[in-house]
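Residues per chain are reported as follows:
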Amino acid sequence: MSSSNVAGATEPCRVGGVLGPRVQRTQRCWISVGSNQARESSIRAGLQALRAAFGPLTVSPAYETEAVGFRGDPFLNLVVGIDTALPVGQIVERLRAIEDAQGRVRGVDKFAPRTLDLDLLTRGDAVGIIDGYALPRREILDYAFVLGPLAAVAPAERHPLDGRCYAELWRLMQRQTGPLRRARWQFQPA
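Everything numeric here is computed off the predicted structure, so don't read it as measured data.

Among the structural elements, Asp73 can be located in the loop between β5 (63–65) and β6 (75–84). The exposed category is assigned to Asp73, whose relative accessible area is 51%. Considered as a pair, Asp73 and Arg39 are 34 residues apart in the sequence and their alpha carbons are 9.9 Å apart. The contact partners of Asp73, leaving out residues within four places of it in the chain, are Asn36 and Ala67.

This is the structure:
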């Protein structure tokens, strides 16, 4: 298989008949966004930072969900789409920097309150461990607070491994989880 057929692969660039450096193709990436501390301001600032880092955003509705795995205040959750040619490792580095700028405290406990949580869900149809990061992110099929917003904003897109569209996956999950509660607060771009 040539590198041009591999998801997220680079393609050679011809400059004046000479094969030039490889360039990444722009891919649609979906990012899960969540917060249960200073929720509205943390998410608003996080989305502004995402826009500054990656350009225009596609933003799902926000949903209010109970904390999973620990006792804590409810979360606001949504999904954001970006288009970028950056490799997975650089995308994840930028997401971590945005979380840190919003006061994200990292500890040994995976399930804990947080000001901002940004998780790369997909990069195009990439599958596997890329730059040490597993894609697509398993949580898409595990948690309503991830799949629901993704299905709301990208209903016809297909899960890179499962092959079914997000709307169909969400219909099936809702039979067990019920619908999500749309939050009163919704992101309004400036």
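Look at helix α2 (residues 88–101): 20 Å from first C-alpha to last across 14 residues, which is about the 20 Å you get at 1.5 Å a residue. When α2 is considered as a whole, its buried residues turn out to be Val88, Gly89, Ile91, Val92, Leu95, Ile98 and Glu99. On its buried side, α2 packs onto β3 (27–35), α1 (39–54), β6, β7 (117–123), β8 (128–130) and β9 (133–135). Following α2 by one or two positions, Gly103 has its phi on the positive side, about 85 degrees.

Before going further, it helps to examine the packing of aromatic side chains. On inspection of all chains with the given rule, the structure shows one aromatic pair. A ring pair is formed by Tyr143 and Phe145, whose centres lie 5.0 Å apart and whose planes are at 20 degrees; its orientation type is stacked. The ring of Trp30 is capped by Arg28, whose NZ or CZ atom sits 5.0 Å from the centre of that ring.

On to the side chain of Arg39. Inspection of the secondary structure assignment puts Arg39 in helix α1. Overall, the relative accessible area of 17% leaves Arg39 in the buried class. Excluding anything up to four places from it in sequence, Arg39 contacts Glu64, Pro74, Phe75 and Leu76.

Thresholds applied
Residues numbered from 1 in each chain as written. Predicted model: local features only at pLDDT ≥ 70, side-chain atom pairs only at ≥ 80, totals over all residues. Heavy atoms only, no water. Helix = DSSP H or I, 4+ residues; strand = E, 2+ residues; numbered from the N terminus. Buried < 20%, exposed > 50% of the residue type's maximum accessible area, 1.4 Å probe, protein only. Contact = heavy atoms within 4.5 Å. Expected span 1.5 Å × (residues − 1). Phe/Tyr/Trp six-rings, centres within 6.5 Å; stacked < 30°, edge-to-face > 60°. Lys NZ or Arg CZ within 6 Å of the ring centre and 35° of its normal.

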